[in-house]
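# Close look at the chain arrangement
Take a look at the letters that make up each chain.
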Amino acid sequence: MNYLSKICRSIQPYMAGEQPQDKKYVKLNTNENPYPPCPGVEEFLKSYDADKLKLYPDPNNTALVAKIAKKHGLKPANVFVGNGSDEVLAMCFPTFFDKDGDGVAYSDVTYSFYKVWAKMFEIESVVIPLMDDFRFDASAFKQAKCQGMIICNPNAPTGLIVNRLDLMAIIEANPEKVIIIDEAYADFCNCSMANYVSKYPNLLIVRTFSKSYSLAGVRCGYAIGNEVLINGLKTIKDSINSYTVNRLTEGIAIKALENNKYFTAQVDKIIATRDLYADKLRELGFDVLPSNSNFLFATHNEIAASELYYQLKKLGVLVRHFNQSRIDNYLRITVGSDDEMEALIKALKKIIDDAKAN
Ligand code: PMP
């Protein structure tokens, strides 16, 4: 007797970063923001009338959609919200790609959830390798035979960005394909293509409140794009779940959008810490890719990344190691507070000194 579908039996789910409960770790493994959300969020929660929770939320999240539209100078019809950008991205697959179509193109080293959704929705994957130095292969994407593509910019886990002119060339050369750009980390650099959604009807930008807005716990993400693309997403969403963004999440995300000063200050702090600690890692013998994100992608010139990961965990510092070809000798290190980064450096110094002594 087998109760499970073929997909359920065969799919290899995405592995989120570990959240061990055995002790308190310096947690630099899931690209969370080390700073609290803006003060308006706490005030909102403290004064929230729990009685409101007996009612379903607005299925269209009109108030939040209006705020996001305003932020980007767009109309509400250009905005789609979801329970985290993972949900928005997942819904893109049945919205834009067919089972018997030419497939979805993405890089070989990128956010590893894309391949899971492709499998889940039985859509062919057209995997395009990054270049030897992990740079994005724009000319291969431009010519790719596929129904559409997902480009993570800045890319995860490398932190590298795609040149804007290259993105424009890809979008313009493929007017019949939907080009999805996952901008989960775009607030940590100046690479967003959000201003181009009015120009290109085939461009969809997906963004999140989880990283730059310090709201990973509320689960809120969104897409902006042409009304036709947004309506497609709404059709799929309303065929799965009418109420993806709950009342609390909606209210909190609105508060976060209302405090741009706080937002910019935290993002600037993270960028300054990132650049400072990239140099400190280099001093310890790491080769660190130039990061445009809130994480560093680094490989050590003597000690294997798997060993560093394991030793760091023993010392109470969690970083992410991907057991995946091409990147298995790299660590992805979230940029934490300066104190957290100091703890990382201290632990690394100990590991490196111990290795030298042996
Ligand atoms: N895209 C990328 C590239 C990510 O790294 C993440 C976070 N794991 C997401 C999307 C999803 O973020 P969330 O669902 O928290 O919005």
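What you are looking at is a predicted structure, and each value in this text was computed from that prediction instead of being measured.

### Overview of the pattern of salt bridges
Tallied over the full model, the rule gives 17 salt bridges. Asp133 serves as the salt-bridge partner of Arg135, at 2.9 Å between the closest nitrogen and oxygen. Among the residues examined, Arg135 registers a relative accessible area of 47% and is labelled partly exposed. What makes Asp133 partly exposed here is its relative accessible area of 40%. Residue Glu183 is joined to Arg207 by a salt bridge in which the shortest nitrogen-to-oxygen separation is 2.7 Å. Of this pair, Glu183 sits in the loop between β6 (178-182) and β7 (203-208) while Arg207 sits in strand β7; the two residues are 24 residues apart in sequence, bridging distant segments of the chain. Across the pair, exposure class does not vary: Glu183 and Arg207 are buried alike. Each of the salt bridges in this network shares a partner with another, and the network as a whole consists of Lys67, Lys255 and Glu258.

### Looking at the sheet that holds strand β2 (residues 79-82)
One open sheet holds the seven strands; their spatial order is β2-β8-β7-β6-β5-β3-β4, and the pairing between them is mixed. Edge strands, defined here as strands with exactly one partner in the open sheet, are β2 and β4 (125-128). Averaged over all pairs of adjacent strands, the angle between strand axes in this sheet comes to 20 degrees, irrespective of strand direction. Helix α3 (residues 62-72) rests against β2, β7 and β8 (221-225) of the sheet, and its axis sits at about 125 degrees to β2. Across the sheet, helix α8 (residues 227-237) lies against β2, β6, β7 and β8, angled at about 30 degrees from β2, the strand it touches most.

### Topic: the environment of Pro290
Tracing the backbone through its elements, the reader meets Pro290 in the loop between β9 (286-288) and β10 (295-300). Along the sequence, Pro290 and Arg135 sit 155 residues apart, while their C-alpha atoms lie 11 Å from each other.

### So, helix α12 (residues 338-357)
Taking 1.5 Å per residue as the helical rise, α12 with its 20 residues ought to reach 28 Å, and the 28 Å between its terminal C-alpha atoms agrees with that figure. Among all positions in α12, only Met341, Leu344, Ile345, Ala347, Leu348, Ile351 and Ile352 are buried. Taken around the axis of α12, the buried residues stretch over an arc of 165 degrees, which confines them to a single face. Seen from the buried face of α12, the exposed residues on the opposite side, beyond 90 degrees, are Asp339, Lys346 and Ala357.

### Section: the packing of aromatic side chains
For the coordinates displayed, the defined rule picks out 22 aromatic pairs. With a centroid separation of 5.3 Å and an interplanar angle of 50 degrees, the aromatic rings of Phe44 and Tyr48 are classed as tilted. Accessibility classification places Phe44 together with Tyr48 in one group, the buried group. Measuring from ring centre to ring centre gives 5.6 Å for Phe93 and Phe97, while their planes differ by 75 degrees; the resulting arrangement is edge-to-face. By the burial criterion, Phe93 is buried, and Phe97 matches it. Members of the aromatic cluster, connected to one another through ring pairs, are Tyr14, Phe93, Phe97, Tyr106, Tyr111, Phe113, Tyr114, Trp117 and Phe121. Over the aromatic face of Phe295 sits the side chain of Arg332, whose NZ or CZ is 5.8 Å from the ring centroid.

### Observations concerning empty space enclosed by the protein
Over the atoms, a rolled probe matching the size of one water molecule traces out where space is still vacant. One pass over the full model with this rule turns up two cavities of 30 Å³ or more. When its volume is computed, the largest cavity comes out at roughly 110 Å³. Of the residues belonging to the lining of the largest cavity, the class tally is 10 nonpolar, four polar and one charged. If you add up the space inside the second largest cavity, you get close to 70 Å³.

How each quantity is defined
- Residues numbered from 1 in each chain as written.
- Predicted model: local features only at pLDDT ≥ 70, side-chain atom pairs only at ≥ 80, totals over all residues.
- Heavy atoms only, no water.
- Salt bridge = Lys/Arg side-chain N within 4 Å of Asp/Glu carboxyl O.
- Buried < 20%, exposed > 50% of the residue type's maximum accessible area, 1.4 Å probe, protein only.
- Helix = DSSP H or I, 4+ residues; strand = E, 2+ residues; numbered from the N terminus.
- Pairing = 2+ DSSP bridges.
- Axes fitted to C-alpha atoms, helices over the stretch in contact; angles between N-to-C directions.
- Contact = heavy atoms within 4.5 Å.
- Expected span 1.5 Å × (residues − 1).
- Arc of directions from axis to C-beta.
- Phe/Tyr/Trp six-rings, centres within 6.5 Å; stacked < 30°, edge-to-face > 60°.
- Lys NZ or Arg CZ within 6 Å of the ring centre and 35° of its normal.
- 1 Å grid on protein atoms, 1.4 Å probe; cavity = no way out; pocket = protein on both sides within 12 Å on 5 of 7 lines; lining within 4 Å.
- Points joined across faces, edges and corners; volume = space filled by probe spheres on them.
- Nonpolar A, V, L, I, M, F, W, Y, C, P; charged D, E, K, R; others polar.

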